[in-house]
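Observations on chain architecture
So you can see what is in the structure, the chains are spelled out below.
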Amino acid sequence: MTEHPTSHEGRQPLAARPQERARPRQEAAAAGLPSDLPAQPGGPTAPAAPGPELPAQPTGPTPPAGTDHPSAPAGAEHPDASGGTAHPGSPAGTDHPDSTAGTGRPGTADDTGHPGVPGGTGHPGAVAVAVSPQRPGGGARGGDGVARREGERLRFVGAATRRIARGIDLDEIVLGLCRATVPTFSDEILVYLRDPLPVGDERPVAPFVLRLRRTDRLRLSDLEGEELVLVPDPDPTPAAELCEVRNGGALAEVLRGVRPVFGDSAAAKTALTELLGPEHPLPGGLRAILAPLRGRRRVIGAAVFLRRPERAGFEPNDLLVAAQLATHTALGIDKAVLYGREAYIADELQRTMLPDSLPQPTGVKLASRYLPAAETARVGGDWYDAIPLPGSRVALVVGDVMGHSMTSAAIMGQLRTTAQTLAGLDLPPQEVLHHLDEQAQRLGQDRMATCMYAVYDPVSHRITVANAGHPPPILLHLGGRAEVLRVPPGAPIGVGGVDFEAVELDAPAGATLLLYTDGLVESRLRDVWTGIEQLRERLAATAQLTGPDHSPPLEALCDDVLDMLGPGDRDDDIALLAARFDGIAPSDVAYWFLEPEDAAPGRARRLARRALARWDLEELTDSVELLISEVVTNAVRYAERPVTLRLLRTDVLRCEVGDDSPQLPRQRRARDTDEGGRGLFLVNRLARRWGATRLSGGKVVWFELATRT
């Protein structure tokens, strides 16, 4: 088994052999590869792909027909055509063994970028290099060898560029370059990239710094017999991690020239020493190539290809190979950086469209999950939300905008903001969906979405649900029974001209409501109703594990639900919202109606004092009486119908005062001569939290006080 390198000592450049020019093209055409990679008369030209143009190579005299090495006498050392070591004293006319002897077929290129690289040496990652004698004076066979070498060079470039092009992110592209070139093209490669990498039209950051991104190296190890094996080197030669490119320096001049250069010139040696550092040895002769990596607008790095002294040096045509590899790598890195920026923007957009954290309102616990459709499509139109409402209620929202584009995410953000605004007005669920439908029509044609809007009241232990074409929710009871709630399906948002219907259902304490998007239950492998039934069974099975008297933990329940997804079930993004209903016990609620008269504040103080004594919270009596007196006084001043007063005891004491006036109170700084205007100032100083919410029939002013632990 043999390796076919791309370098051959003692050969004339291809441009100097006009009688052999047509054969690489014929072999390239037979292999389906471009025929313009080998050098043309007058010097090699740049590859067809975008990249730097290389300088013309000197042409030599045309050797006589039938001679492969015009300057080598019979019996002199000649480098092996297969890349092995040269054998002295080979007699003229000795039959030259085929480079693929023992394999039964010539070496071929595969997608790894290693043309004709055989295996079977018994060592992982090892590549065998057979030692075979060189036939001098090859005549026609020598011409066939050149054509074969050029065909292998073409196949190598094709396989290597395919491997580089398969990468999506930066690391995959750099890894593809390293794995494609070592050991077929070089024994060691070092890839330096600009730090930081500019994106698109961004202006590069000064100073110009190159950072070593990756290095791959293999070493030769002697084995029994006549083979040399390339195995991974556990101790790579040290190279500089960072290199600052000095203006006017040798490295800056080479990078500015864009073309790959051999490392034997004085300028190239100085540039390589500046890049790799003085501790990294440089091989002599044509065994080093420095290839700048130029993207669409600027140089973004450099690649260094090195060969060991045991191996034949590079040929002039190898500069074309290095230029092709550098060009494809640089363009791939440019695309990867742009893709990474777009993925970052998509992630940030999706993250800002979804809530950073869920509220923890009284009487309900919440958990959520969001999964994109795929790593390459991180933006979607699914969303969820939990919005606290007056009276300790909470609105639960899950929606799904059609599509997975940035437009879908933008529409989703507008609909979510609209839903939050409508929820703040305390509109009924069916009215919220109606206004969302109108908003979707204003956004443009074909702006369609599905939505589920539910309002949970922990005091009455009831939930009101309205649906706009969304999959129905599932209620998991405390005993382990899971049921699909019968909610009118409704039409999707954006259709227009339809009415939405709301239903009111029981929400017993300990039950769990699961709202989700269709990506959880629908895929190419199953329809939506089959998926809903599987989800219901999965919830029931999970609840059985915790027993009939305990509800499963919400976070673990969400993870277990997502585990039901198979490899082919991720056709759409998924939004999941789980709510555990704890409720507020009737014994922890006190509710009264007060007539809008001057005696209302005094009556409110007496009622609050009795409730606090019943709850064993007498230490809060003075603060509660003072704050209730101020808030009820403001309500009585503007109300025309009875004022409501409600006290709720949970982990805090919450007081709510409602009236029929839509005007919200505002805190202001009272002057020394003012007789009023200090009520809300006292509320702000003494209460833990306070607020005012406008309702469809008035407003509610509330405050909270911390209770003893």
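Residues numbered from 1 in each chain as written. Predicted model: local features only at pLDDT ≥ 70, side-chain atom pairs only at ≥ 80, totals over all residues. Heavy atoms only, no water.

Close contact between helix 9 (residues 528-546) and helix 10 (residues 554-562) brings their axes to 10 Å; oriented N to C, the two are set at 140°. With respect to helix 10, the axis of helix 9 lies oblique. In this structure, the crossing between helix 9 and helix 10 has a hand that is right-handed. Together, Leu535, Arg538, Leu539 and Thr542 of helix 9 and Leu557, Asp560 and Val561 of helix 10 make up the contact between the two elements. (Axes fitted to C-alpha atoms, helices over the stretch in contact; angles between N-to-C directions. Helix = DSSP H or I, 4+ residues; strand = E, 2+ residues; numbered from the N terminus. Parallel < 35°, antiparallel > 145°, perpendicular 65-115°, else oblique. Left-handed = near helix turned anticlockwise from the far one by under 90°. Contact = heavy atoms within 4.5 Å.)

The final tally for this structure, using the stated rule, is five aromatic pairs. Seen in terms of ring centroids, Tyr456 and Phe581 are 4.1 Å apart; in terms of plane orientation they differ by 15°. Their pairing is stacked. Of this pair, Tyr456 sits in strand 12 (residues 449-457) while Phe581 sits in strand 18 (residues 574-581), and the two are 125 residues apart along the sequence. Geometrically, the ring pair formed by Tyr591 and Phe593 is edge-to-face, given 5.4 Å between the ring centres and 80° between the ring planes. Over the ring of Phe185 we find Arg307, and its NZ or CZ is 5.8 Å from the ring centre. (Phe/Tyr/Trp six-rings, centres within 6.5 Å; stacked < 30°, edge-to-face > 60°. Lys NZ or Arg CZ within 6 Å of the ring centre and 35° of its normal.)

Take unusual backbone geometry next. Val182 connects to Pro183 through a cis peptide bond whose omega is 5°. Tracing the backbone through its elements, the reader meets Pro183 in the loop between helix 3 (170-181) and strand 2 (188-194). Backbone geometry at Val258 places phi at a positive 70°, although glycine is not the residue there. Along the polypeptide, Val258 turns up in the loop between helix 4 (250-257) and strand 6 (261-262). Note on Val258: relative accessible area 15%, which makes it buried. At His461, a residue that is not glycine, the phi angle is positive and equals roughly 55°. (Buried < 20%, exposed > 50% of the residue type's maximum accessible area, 1.4 Å probe, protein only.)

Let us now look at the environment of Asn247. With respect to the helices and strands, the residue Asn247 is situated in the loop between strand 5 (242-244) and helix 4. Since its relative accessible area comes to 79%, Asn247 is described here as exposed. Along the sequence, Asn247 and Phe208 sit 39 residues apart, while their C-alpha atoms lie 8.9 Å from each other.

Now for the sheet that holds strand 21 (residues 652-659). The strand order across the open sheet formed by five strands is 19-20-21-23-22, and the pairing between neighbours is antiparallel. Each edge of the open sheet is held by one strand with a lone partner, namely strand 19 (589-594) and strand 22 (689-695). Strand-to-strand twist across the sheet, computed as the mean angle between neighbouring axes with direction ignored, equals 15°. Two elements, strand 21 and strand 23 (residues 698-706), share eight bridges in a ladder whose sense is antiparallel. Residue pairing in the sheet places Val652 in a bridge with Ala706 of strand 23. (Pairing = 2+ DSSP bridges.)

It is worth spelling out the confidence of the model for the protein at this point. Note: predicted coordinates in regions of low pLDDT should not be interpreted at a detailed level. On average, the protein scores 77 in pLDDT, and the residues at 70 or more come to 74%. Under a pLDDT of 50 for its full length, residues 1-140 has, in the predicted model, 289 contacts with residues more than four places off or in other chains. (pLDDT = per-residue confidence, 0-100.)

With that settled, consider a nonpolar patch on the surface. The grouping of Tyr344, Ile345 and Met406 at the surface amounts to a nonpolar patch, some 310 Å² of accessible area in total. With respect to the helices and strands, Met406 occurs in helix 7 (residues 406-424). (Patch = residues over 30% accessible without salt bridge, like charges linked within 9 Å, V, L, I, M, F, W, Y side chains within 5 Å. Areas by Shrake-Rupley, 256 points an atom, 1.4 Å probe, with all protein chains shown as cover. Salt bridge = Lys/Arg side-chain N within 4 Å of Asp/Glu carboxyl O.)

Below, the discussion takes up the packing of helix 11 (residues 600-614) against helix 12 (residues 621-638). The interhelical angle for the contact between helix 11 and helix 12, taken along N-to-C directions, is 145°, at an axis separation of 9 Å. When you trace helix 11 past helix 12, the crossing you get is right-handed. Of the residues in helix 12, those in contact with Ala600, Pro601, Ala604, Arg605, Ala608, Arg609 and Leu612 of helix 11 are Thr621, Val624, Glu625, Ile628, Ser629, Val632, Thr633 and Val636. Considering only residue class, the contact of helix 11 with helix 12 consists of nine nonpolar, three polar and three charged. (Nonpolar A, V, L, I, M, F, W, Y, C, P; charged D, E, K, R; others polar.)

Our next topic: the pattern of salt bridges. Under the defined criterion, the tally for this structure stands at 30 salt bridges. With a closest N to O distance of 2.5 Å, Arg649 and Asp588 form a salt bridge. On the criterion of sequence distance, the pair formed by Arg649 in strand 20 (residues 643-649) and Asp588 in the loop between strand 18 and strand 19 is long-range, its members being 61 residues apart. Residue classification places Arg649 among the partly exposed residues on the basis of a relative accessible area of 26%. Between Asp659 and Lys699 there is a salt bridge, and its shortest N-O distance comes to 2.8 Å. Of this pair, Asp659 sits in strand 21 while Lys699 is found in strand 23, placing the two residues 40 residues apart along the sequence. Neither Asp659 nor Lys699 differs from the other in exposure class; each is buried.

Restricting attention to buried positions, one finds in helix 4 the residues Ala250, Leu251, Ala252, Val254 and Leu255. With its phi angle positive at about 70°, Val258 sits one or two positions after the end of helix 4.

Turning our eyes to something else, we now look at the pairing of strand 21. For a regular strand, the rule is simple: side chains alternate between the two faces of the sheet. When you tally the buried positions in strand 21, you get eight out of eight residues, the bulk of the element. The alternating pattern of strand 21 places Val652, Arg654, Glu656 and Gly658 on one face and Leu653, Cys655, Val657 and Asp659 on the opposite face, and all of these are buried. Sheet analysis places strand 20 next to strand 21, joined by six bridges and oriented antiparallel. The residue of strand 21 that forms the bridge with Thr644 is Gly658. Between strand 20 and strand 21, which follow one another and run antiparallel, lie two residues.

The sheet built from five strands is open, its strands ordered 9-18-17-14-15 with antiparallel pairing. Only two strands of the sheet have a single neighbouring strand rather than two, namely strand 9 (364-371) and strand 15 (482-484). When the angles between neighbouring strand axes are averaged without regard to direction, this sheet yields 20°. Here strand 14 (residues 474-476) pairs with strand 15 via three bridges, running antiparallel. Note that in strand 15 the partner of Leu476 across the bridge is Ala482. The sheet strands contacting helix 9 are strand 14, strand 15 and strand 17 (512-516), and the helix crosses strand 14 at an angle near 15°. Contacts from helix 10 reach strand 9, strand 14, strand 17 and strand 18, with the element oriented near 30° to strand 9.

Formed by 53 residues in total, the largest nonpolar core has its most connected members in Leu396, Leu433, Leu436 and Phe581. In contact with Leu396, other than residues within four places in its own chain, are Leu366, Asp385, Ala386, Met452, Tyr453, Ala454, Leu513, Leu515, Leu577 and Ala579. Membership of the second largest hydrophobic core comes to 34 residues, among which are Ile173, Leu293, Ile300 and Val337. (Core = buried A, V, L, I, M, F, W, Y, C linked by side-chain atoms within 4.5 Å.)

This part takes up the side chain of His470. With respect to the helices, strands and loops of the structure, His470 is situated in the loop between strand 13 (462-468) and strand 14. Residue His470 is classed as buried on the basis of its relative accessible area of 6%. Among residues more than four places away in sequence, those in contact with His470 are Val398, Gly399, Asp400, Thr450, Cys451, Met452, Pro489, Tyr516 and Thr517.

Another aspect to go through is helix 13 (residues 679-686). Among the residues of helix 13, Gly679, Leu680 and Val683 are the ones counted as buried. Around the axis of helix 13, the buried residues are gathered within 90° of arc, so they sit on the same side. (Arc of directions from axis to C-beta.)

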